[in-house]
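# Architecture at a glance
Below, each chain spelled out in residue letters.
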Amino acid sequence: MKEFLGIGGYTREPEGYLSPQHLIFISCLILAMFALAIVLGLRNRHRSEAEKNRVLMITAILMDAVEIFKIAVMLYRSDDPTSWQNHLPLFLCSIQLITIPLAAFTKGRLREASLDFVLIFGLLGAILGTVGAGQNYNAYPVLSLDNVASGVTHCISGFASLYIGLSGLASMKKRNVWIAFAILGAFCVPAYLCNITMDTNYMFLMQGDGTPYDILYNLLGGSPVLYPIAVVVLFLLYIAAFYGVFFLIRGRRAAKASATESLRCQA
């Protein structure tokens, strides 16, 4: 357990990013994520709102518990009194630590917007945090607290996104788009301030750090001004694109249903 938790430092060499061990591990996590979301989402699709929400409540508690445990162990094993600066919940995927509980335990427009936000970013975060987490798998063994806890929380986020979509919890109302933007902005601003004052890299606003963001970082020549602006713009464009595609699909389905109903009436 000391080796798994990294207490005293890991003695094993990291297997590396895209190694067979990495690919097998994340494949198992992603398969479990999809299987659970499909089974529970379809099972609860026509059940009451309270029954649907019960799964989301358990999801929120489990995700936060795993993350808190991971941070507690990391702080315990560190000799650096400033190590807490690197464990603040200010990464893109960390937003789900707050939005999933908001979606599960609040009401009204805040709940609607939180559900939509989890739907939009949950699966993306799951893929980036497993398939794209080159910095983690190059630094720590695959079967270690750092990678297992990170993989689990990212896939819980992906599960929540899929479950919300399949169970019919998402509202995706146009009036709530600005709230999704506001939630993102509420994290980007403190994340950037922490980055420039504590030499951190929250929300990957300073550099790609071994993730796909490196592509954008290299394209912009590592500009300390253009790169963080471009990252935030990409976030906002992603939200807008997600809403746009969703409204397009929903509009086509409504038109098809209306046409079908019209043909039935004529018959």
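Keep in mind that this is a model prediction, so the values were computed, not measured.

The element helix α4 (residues 96-105) is extensively covered by neighbouring structure, given that seven of its ten residues are classed as buried. For α4, every residue scored as buried is listed here: Q96, L97, T99, I100, P101, A103 and A104. Residues of α4 that are buried in the fold lie against α3 (49-77), α5 (108-130), α7 (145-167) and α8 (177-198).

The next point concerns the pattern of salt bridges. A full pass over the atoms with the stated rule returns six salt bridges. The closest approach of N and O atoms between K70 and E67, which form a salt bridge, is 3.5 Å. Of this pair, K70 and E67 both sit in helix α3, three residues apart, which is roughly one turn of the helix. E67 matches K70 in its accessibility class, with the two residues each being buried. Residue E112 is joined to K173 by a salt bridge in which the shortest nitrogen-to-oxygen separation is 3.0 Å. With E112 in helix α5 and K173 in the loop between α7 and α8, the pair connects residues that are 61 residues apart, well separated along the chain. Residue classification places K173 among the partly exposed residues on the basis of a relative accessible area of 34%. A network of salt bridges, in which partner residues are shared, links E112, K173 and R175.

This brings us to the nonpolar core. By size, the foremost hydrophobic cluster in this structure holds 60 residues, and its most contacted members are L56, L92, I95, L184, M203 and F235. Every element with two or more residues in this core is listed here: α2 (20-44), α3, α4, α5, α7, α8, α9 (213-219) and α10 (226-266). By residue number, the principal contributor to this core is α8, which donates nine residues. Contact partners of L92, with chain neighbours within four places excluded, come to F121, L184, M203, Y213 and F235. Residues Y10, V66, L145 and A149 belong to the second largest nonpolar core, which totals six residues.

So, about the side chain of S167. As for its placement among the helices and strands, S167 is situated in helix α7. On the basis of relative accessible area, S167 is assigned to the buried category, the value being 0%. A polar side-chain atom of S167 sits 2.7 Å from the main-chain carbonyl oxygen of Y163. When near neighbours in sequence (up to four residues on either side) are disregarded, S167 contacts G41, N44, R45 and K52.

The term disulfide refers to a covalent linkage connecting the sulfur atoms of a pair of cysteines. Evaluated as defined, the whole model comprises zero disulfides. Left without a disulfide partner, C93 is nearest to the cysteine sulfur of C155, which lies 10 Å away. Counting only cysteine sulfurs, C188 is the nearest neighbor of C194, a cysteine outside any disulfide, at a range of 12 Å.

On the surface, V225, L226, I229, V233, L234 and L237 cluster together into a nonpolar patch covering about 540 Å² of accessible area. Mapping L234 onto the fold places it in helix α10. Overall, the relative accessible area of 44% leaves L234 in the partly exposed class.

This part covers unusual backbone geometry. If you check the backbone angles, L18 has positive phi at about 65 degrees while not being a glycine. Residue position: L18 is located in the loop between α1 (2-5) and α2. In this structure, F204 takes a positive phi of about 55 degrees despite not being glycine. Considering the arrangement of structural elements, one finds F204 in the loop between α8 and α9. Since its relative accessible area comes to 13%, F204 is described here as buried.

The rules behind these values
Residues numbered from 1 in each chain as written. Predicted model: local features only at pLDDT ≥ 70, side-chain atom pairs only at ≥ 80, totals over all residues. Heavy atoms only, no water. Buried < 20%, exposed > 50% of the residue type's maximum accessible area, 1.4 Å probe, protein only. Helix = DSSP H or I, 4+ residues; strand = E, 2+ residues; numbered from the N terminus. Contact = heavy atoms within 4.5 Å. Salt bridge = Lys/Arg side-chain N within 4 Å of Asp/Glu carboxyl O. Core = buried A, V, L, I, M, F, W, Y, C linked by side-chain atoms within 4.5 Å. Polar contact = N/O pair within 3.5 Å; in protein donor to acceptor, adjacent residues only side chain to side chain. Disulfide = S-S within 2.5 Å. Patch = residues over 30% accessible without salt bridge, like charges linked within 9 Å, V, L, I, M, F, W, Y side chains within 5 Å. Areas by Shrake-Rupley, 256 points an atom, 1.4 Å probe, with all protein chains shown as cover.

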